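Notes for the structure review
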Amino acid sequence: MTRLAPLSPAGPESDRSAGDSPADSRPAASRWHARWVVPSALALGYVLNVLFRLSLVTKQDFPTVSPDESMYLVMARILAGRPTTEIAGDQVIPAGYSLLISPALRLTEDPVLGYHLILGINALISCLVLPMAYWGLRRLNVSQRVSYIAAALVTLIPPVVFYTQFAMADTPLPVLVLAWLIGLHGLFSEGTKKRRIRFALLAAFAAGYCLLSHDRGGVIIALTGLVLLVALVLKWAPRIATASALALLAVMFVLKQFMTTWMISQIDGAAPSQVGNAVFETLENTRLLRRTIMRMIGHLWYFMTSTWGLGALALVVCVCAVLSSRFTLANRVVAFLMVALLGGIALAAAAGLPGDNRLDTIVYARYLSLLVPVYLLVAVATLYHVRGRKKIVALGVASIGVTSALTAALLHMASQQWSVSYFALWGLPDAIFLSSLAGQDWESFHAAHTTAVALAVFAVLMLLRLLGGDRRAALATGVVGVALAVFGVCATVSVTDHVTKVYATERVNDGTGFIEKAGIRPGDRLVMDDDVRWEIRTTTSYLVLDGRVWTRFLNKDDSPPADANVAVLALKDKKAGATESWRNAPAGWRVDRDVREHEYVIWRRG
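This structure is a prediction, so every number in the text was calculated from the model and none was measured.

Our focus in this paragraph is the overall build of the protein. Along the backbone of the protein there are 23 helices and seven strands. For 606 residues, the compact-globule estimate of 2.2 N^0.38 gives 25 Å, and the protein sits close to it at 26 Å. Expressed along its principal axes, the backbone C-alpha trace of the protein runs to roughly 85 × 55 × 55 Å. Residue burial in the protein is summarised as follows: out of 606 residues, 58% are buried. A fraction of 75% describes how many contacts in the protein between residues 6 or more apart in sequence connect residues 24 or more apart. Averaging the locations of the 56 positively and 42 negatively charged side chains of the protein gives two centres separated by 14 Å.

All right, on to the pattern of salt bridges then. Think of it this way: side chains of opposite charge can pair up when their charged atoms draw near. In total, this model carries 17 salt bridges according to the counting rule given. Across the pair Lys 501 and Asp 497 runs a salt bridge whose closest N-O atoms are separated by 3.3 Å. Here Lys 501 and its partner Asp 497 are both found in helix H21 (residues 473-506), four residues apart, which amounts to about one turn of the helix. When the shortest N-O distance is used, the salt bridge between Glu 535 and Arg 533 registers 3.6 Å. Each of Asp 524, Arg 590, Asp 592, Arg 593 and Arg 604 takes part in one network of salt bridges that share partners.

Turning next to the side chain of Thr 538. Along the chain, Thr 538 falls in helix H23 (residues 534-543). Filtering out sequence-adjacent residues up to four positions away, Thr 538 remains in contact with Ser 66, Pro 67, Ser 70 and Ala 88.

Another aspect to go through is the pairing of strand S3 (residues 525-529). For S3, a buried count of four out of five residues is recorded, marking the element as mostly surrounded by other parts of the structure. Judged from the five bridges that link them, S3 and strand S4 (residues 548-552) form a sheet pairing that is parallel. Each bridged residue has a counterpart across the sheet, and for Asp 529 the counterpart in S4 is Arg 552. Between the parallel pair S3 and S4, the chain is carried across by H23, and the sense of this crossover is right-handed.

Side chains of Leu 44, Val 47, Leu 48, Leu 51 and Leu 54 sit close together on the surface and give an oily, nonpolar patch of about 440 Å² of accessible area. Position of Leu 54 among the secondary structure elements: in helix H1 (residues 37-56).

Turning our eyes to something else, we now look at the sheet that holds strand S5 (residues 566-570). Here we have five strands laid out as an open sheet, ordered S4-S3-S5-S7-S6, and mixed in their pairing. At either margin of the open sheet sits one strand with a lone partner, and together these are S4 and strand S6 (589-595). The sheet shows a mean angle of 25° between the axes of neighbouring strands, direction not considered. Bridge count between S3 and S5: three bridges; the pairing is parallel. Paired with Met 528 across the bridge in S5 is Val 568. The strands touched by H23 within the sheet are S3, S4 and strand S7 (600-605), with S3 carrying the most contacts at an inclination of about 165°.

Moving on, we get to the packing of aromatic side chains. The full count for this structure, using the stated rule, is 21 aromatic pairs. Plain terms: the ring middles of Phe 433 and Phe 487 are 5.8 Å apart, the flat faces sit at 55° to each other, and that makes the pair tilted. In this pair, Phe 433 sits in helix H19 (residues 429-436) while Phe 487 sits in helix H21, placing the two residues 54 residues apart along the sequence. For the pair shown, Phe 433 and Phe 487 are each scored as buried. On the basis of an interplanar angle of 80° and a centroid distance of 5.4 Å, the ring pair of Trp 582 and Trp 603 is categorised as edge-to-face. Separated by 21 residues along the polypeptide, Trp 582 in the loop between S5 and S6 and Trp 603 in strand S7 bring together distant segments of the chain.

Now for the nonpolar core. If you look at the biggest cluster of nonpolar residues, it comprises 198 residues, and the most contacted ones within it are Trp 180, Trp 426, Phe 445 and Phe 514. Residue contacts for Trp 180: discarding those within four places in its chain leaves Ala 203, Ala 206, Ala 207, Ile 220, Thr 224, Leu 337 and Leu 341.

By secondary structure assignment, the location of Thr 539 is in helix H23. Those residues within four positions of Thr 539 in sequence are excluded, and the remaining contacts are Pro 63, Ser 66, Ser 70, Asp 510 and Gly 511.

With that out of the way, let us pick up the pairing of S5. Of all the five residues making up S5, five are buried; the element is thus mostly covered by neighbouring parts of the structure. Sheet topology places S5 next to S7; five bridges connect them, and they run antiparallel. The residue bridging Ala 570 from the neighbouring strand is Tyr 600, located in S7.

Right, let's get into helix H14 (residues 310-323). An ideal rise of 1.5 Å per residue puts 20 Å on 14 residues; H14 measures up with 20 Å between its terminal C-alpha atoms. With 10 of its 14 residues buried, H14 lies for the most part within the structure. Buried residues of H14: Leu 310, Gly 311, Ala 312, Leu 313, Ala 314, Leu 315, Val 316, Val 317, Cys 318 and Ala 321, and no others. On its buried side, H14 packs onto helix H13 (289-306), helix H15 (329-352), helix H17 (372-385), helix H18 (389-418), helix H20 (447-468) and H21.

The next subject is the environment of Ile 149. Within the secondary structure layout, Ile 149 lies in helix H6 (residues 144-156). Exposure remark for Ile 149: the relative accessible area of 25% places this residue in the partly exposed category. The spatial distance from the C-alpha of Ile 149 to the C-alpha of Arg 366 is 25 Å, given a sequence separation of 217 residues. Sequence-distant contacts of Ile 149, defined by excluding residues within four places in its chain, comprise Gly 478, Gly 481 and Val 482.

So, on to the confidence of the model for the protein. When the pLDDT values of the protein are averaged, the result is 92; 95% of them are 70 or greater. Highest mean pLDDT in the protein belongs to helix H8 (residues 173-187) (98); lowest belongs to helix H12 (residues 275-284) (88). Low pLDDT, under 50, characterises residues 1-28; the stretch is placed with 66 contacts to residues that sit more than four places away or in other chains.

Following the sequence through the fold, Arg 472 ends up in the loop between H20 and H21. Taking the relative accessible area as the measure of exposure, Arg 472 reaches 33% and is therefore partly exposed.

With that settled, consider unusual backbone geometry. With an omega of 0°, the peptide bond running from Ser 66 to Pro 67 counts as cis. One non-glycine residue with positive phi stands out, namely Asp 90, at about 55°. Within the fold, Asp 90 resides in the loop between helix H2 (68-79) and strand S1 (91-92). Judged by relative accessible area, Asp 90 falls into the partly exposed class, the value being 38%. Notably, Asp 557 is not glycine yet its phi reads approximately 75°, a positive angle. With respect to the helices and strands, the residue Asp 557 is situated in the loop between S4 and S5. Residue Asp 557 is classed as exposed on the basis of its relative accessible area of 64%.

The rules behind the values
Residues numbered from 1 in each chain as written. Predicted model: local features only at pLDDT ≥ 70, side-chain atom pairs only at ≥ 80, totals over all residues. Heavy atoms only, no water. Helix = DSSP H or I, 4+ residues; strand = E, 2+ residues; numbered from the N terminus. Rg over C-alpha atoms; globule rule 2.2 N^0.38 Å. Buried < 20%, exposed > 50% of the residue type's maximum accessible area, 1.4 Å probe, protein only. Contact = heavy atoms within 4.5 Å. Lys, Arg positive; Asp, Glu negative; His and termini not counted. Charge placed at Lys NZ, Arg CZ, Asp CG, Glu CD. Salt bridge = Lys/Arg side-chain N within 4 Å of Asp/Glu carboxyl O. Pairing = 2+ DSSP bridges. Right-handed = clockwise from strand over helix to strand, strands pointing away. Patch = residues over 30% accessible without salt bridge, like charges linked within 9 Å, V, L, I, M, F, W, Y side chains within 5 Å. Areas by Shrake-Rupley, 256 points an atom, 1.4 Å probe, with all protein chains shown as cover. Axes fitted to C-alpha atoms, helices over the stretch in contact; angles between N-to-C directions. Phe/Tyr/Trp six-rings, centres within 6.5 Å; stacked < 30°, edge-to-face > 60°. Core = buried A, V, L, I, M, F, W, Y, C linked by side-chain atoms within 4.5 Å. Expected span 1.5 Å × (residues − 1). pLDDT = per-residue confidence, 0-100.

Structure representation (structure tokens):
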């Protein structure tokens, strides 16, 4: 197996990177190596990517993904100093992402403008993938031009862009994972002690902030702690650097616990998230073992197809790197972490997701999406460095074999579940896009068609690389990157049109449509009956930005809170009078609006 990087990673000042043929290093190309060119190109690419993301969400006025968005938004409003309110499920999830978007809610009391500002912050954060991806590829000794093309590619693909269109912690995670792996790669590479300390602190901070942002960070911080402890014992790096990273990791863990405790104290009746407990309880239940394995296979299958087979290529190379002494220590450690994190998150997600009969619970897109950029970058670096047609073909065949094996296992274990599972388009955007290219509609799931299209794309990419041979490896890899970038943009736009915009249109009456029809005024304090549509209740927790929301069993003798001035009750019988919606209404409450077409009645006090 050809080594992915030499023992000393390439520096940004290198005049010529390994893998470039003489034809790729002509004097005319030296202009690319001028000091101002790369920073300018990255800055321009960053701005264009931000504008591209903003252009996709011009009509996103309110949260549409329940309860996830509402949970992050409720915590963000509290961190911004806004009034407290209820949180979906009464569970507090990690608040690191909410901290990042909270400045938007300090600037305005208008929830629609606040949501627009949050999507703007999402774009600014997400586009940091561009410089981080470029930096990562340069550390793998890929030329500047190919690194830039590949970095632009991973900034444009659906798994990176799609989640930025919602207020969700998946926005910063790809950036943090890249920073984490770059930091560890720098820690275990040759360099001065001060330099390696800086890389160690970068890795620890990024791992810790992953934990602050989402429960998946628990897998990351556990793997980081394990590797750092081994490094400390075996002296893989200066002990001061390794110890500094461990200390910062411990600080970040304590900070996460403090943030959770503080947030619970701000929300009545709230408790910590039980996701971690659910994972261990499921793993200990042998009766659920088959379901867990089926889901794990499904998540891995989705990852391989959503990366168009390149994820499988990177996985094959990472496994080889872990097992081969021909790779540098830094590359082997990072390869191990990539493989372990892929399997660890897939297993944790398979065990932690509830038994809700949703099809996308079996083949879920979201939880492994944070690894898509780094796996694509390793695949590009592989195509750039590998030499010999036989090796390229062998890697291609192995990658197709991995994807095909996962598909076969998935179809064997889960095919009977398709007909009895609920289809949620939002959870399967990449797969449905791929199957749509095979002539299928966007309203159903077709695993075999998805795999066929993904592998067809992969075969075309490998053919492009083969046409370059050894002499034009850099050029061929650049062409592959450009082709992927174009395909990625088309996929991203298509997913936005068929998923994001459709969801925004369909859920208007759960969001800003409800606020308008219900006549909600600034400062209103709403109590909502438990029978009111769940999506309305969770979305309103954010949209009543300068008031607050409670949920009570009003028709089961619960009393409205003393501070509430608006009550929302479900109208189960459209033929009944509005007053029938709350038969035991306390004195002083009156019907304010009868929104019969949407089956709810608004009551006001006084």
